[in-house]
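# Observations on the three-dimensional arrangement
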Amino acid sequence: MRTLITEPQLADGVSRLAGEIDRHYQGRPITVVAVLTGSVVLFADLIRRLSMPQRVGVVQASSYRGGTRPGELVIDAKMLIDVKNRDVLLVDDIFDTGATIAKLRDELLAFGAASVATAVLLRKVRENQHTVRPNFVAFEIPDEFVVGYGLDFHDMYRNLPFIAVLEPDEIAATAAEFG
Ligand SMILES: O=P(O)(O)OC[C@H]1O[C@H](OP(=O)(O)OP(=O)(O)O)[C@H](O)[C@@H]1O
Ligand SMILES: Nc1nc2[nH]cnc2c(=O)[nH]1
């Protein structure tokens with residue numbers, strides 16, 4: 001695999017992201033919502049760097065089940081805490097097509113959120129992206145399938161402390177063993 005973003009670079013990026021979010025909210029309380037599963041590593045690091053009072057919740061969204069291309073987007077909001085009249089910060093690991101963020105944003109507004117802002121670690125620079133853009137982005141990356149720091153392939157690699165691009169032979173071997 002080829003490292004794209006190292007562990008120290010990730011730490012700097014998350015601190016930068018937290019600084020931007022802090023400056024935006026100016027100490028106002030927020031409800032931070034993690035998009036499971038990919039955002040768990042970013043989420044744990046980010047919320048500890050934010051300085052405003054926070055309510056913390058989760059929602060699940062999944063569309064890349066076992067592949068490098070999106071399939072049907074399934075959202076499970078059973079574990080979501082009440083967001084009515086709250087300023088919500090939705091946190092995800094990556095904005096690729098943007099379908100996940102766009103749909104979740106609409107759902108949170110439909111649940112009565114007062115506002116919804118979105119923060120992502122990575123935004124892919126690619127064509128055919130949703131026009132709804134994330135408000136806070138730590139890194140822009142090229143259009144390649146990445147893993148690590150929460151991002152998976154067949155639920156593997158989420159534990160890597162860096163972001164890497166998988167080589168074609170690793171994609172084939174991982175699919176053969178864990179697919
Ligand atoms: O911008 P998009 O094209 O919608 O892609 C981004 C989404 O894809 C990944 O989730 P995935 O469906 O792989 O589920 P996971 O979080 O459980 O890995 C990632 O965590 C984002 O939520
Ligand atoms: N692991 C992983 N999941 C994604 N979901 C959308 N894009 C990506 C990606 O590049 N890597």
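Our subject is the structure listed above.
For the structure given in this document, a descriptive report is provided here. (Residues numbered from 1 in each chain as written. Chains lettered and ligands numbered in written order. Predicted model: local features only at pLDDT ≥ 70, side-chain atom pairs only at ≥ 80, totals over all residues. Heavy atoms only, no water.)

## Side note on the sheet that holds strand S1 (residues 2-5)
Here we have three strands laid out as an open sheet, ordered S1-S9-S8, and antiparallel in their pairing. Among the strands making up the open sheet, the edge pair consists of S1 and strand S8 (146-147). Pairing of S8 with strand S9 (residues 163-165), which is carried by two bridges, proceeds in the antiparallel orientation. Its bridge partner lying in S9, Val147 is registered against Ala164. (Pairing = 2+ DSSP bridges. Helix = DSSP H or I, 4+ residues; strand = E, 2+ residues; numbered from the N terminus.)

## Structural notes on the site of ligand 1
By nearness alone, 18 residues border ligand 1, and Ser63, Tyr64, Asp92, Thr97 and Thr100 come closest of all. Gly98 is positioned with one of its backbone polar atoms (N or O) 2.8 Å from an oxygen atom of ligand 1. Within the side chain of Thr100, one N or O atom sits 2.5 Å away from an oxygen atom of ligand 1. Coverage of ligand 1 by the protein amounts to 96% of the 490 Å² it exposes when considered alone. Only strand S3 (54-62), strand S5 (87-95) and helix H3 (99-110) provide two or more residues apiece to the shell around ligand 1. It is S5 that contributes the most residues to the shell around ligand 1, four residues altogether. Broken down by class, the residue content of the shell around ligand 1 amounts to six nonpolar, seven polar and five charged. (Near = heavy atom within 4 Å. Polar contact = N/O pair within 3.5 Å; in protein donor to acceptor, adjacent residues only side chain to side chain. Areas by Shrake-Rupley, 256 points an atom, 1.4 Å probe, with all protein chains shown as cover. Nonpolar A, V, L, I, M, F, W, Y, C, P; charged D, E, K, R; others polar.)

## Let's talk about the pattern of salt bridges
Any two side chains of opposite charge can pair, so long as their charged atoms come close to each other. This model, assessed by the stated rule, comprises eight salt bridges. When the shortest N-O distance is used, the salt bridge between Lys124 and Asp96 registers 2.8 Å. Linking Lys124 in strand S6 (residues 115-124) with Asp96 in the loop between S5 and H3, this pair joins segments that are 28 residues apart in sequence. Taking the relative accessible area as the measure of exposure, Lys124 reaches 4% and is therefore buried. Judged by its relative accessible area of 10%, Asp96 falls in the buried class. Ionic pairing is found between Asp152 and Arg158, a salt bridge with its closest N-O pair at 3.5 Å. Given the relative accessible area of 17%, Arg158 is considered buried. One connected set of salt bridges, linked through shared partners, spans Asp96, Lys124 and Arg126. (Salt bridge = Lys/Arg side-chain N within 4 Å of Asp/Glu carboxyl O. Buried < 20%, exposed > 50% of the residue type's maximum accessible area, 1.4 Å probe, protein only.)

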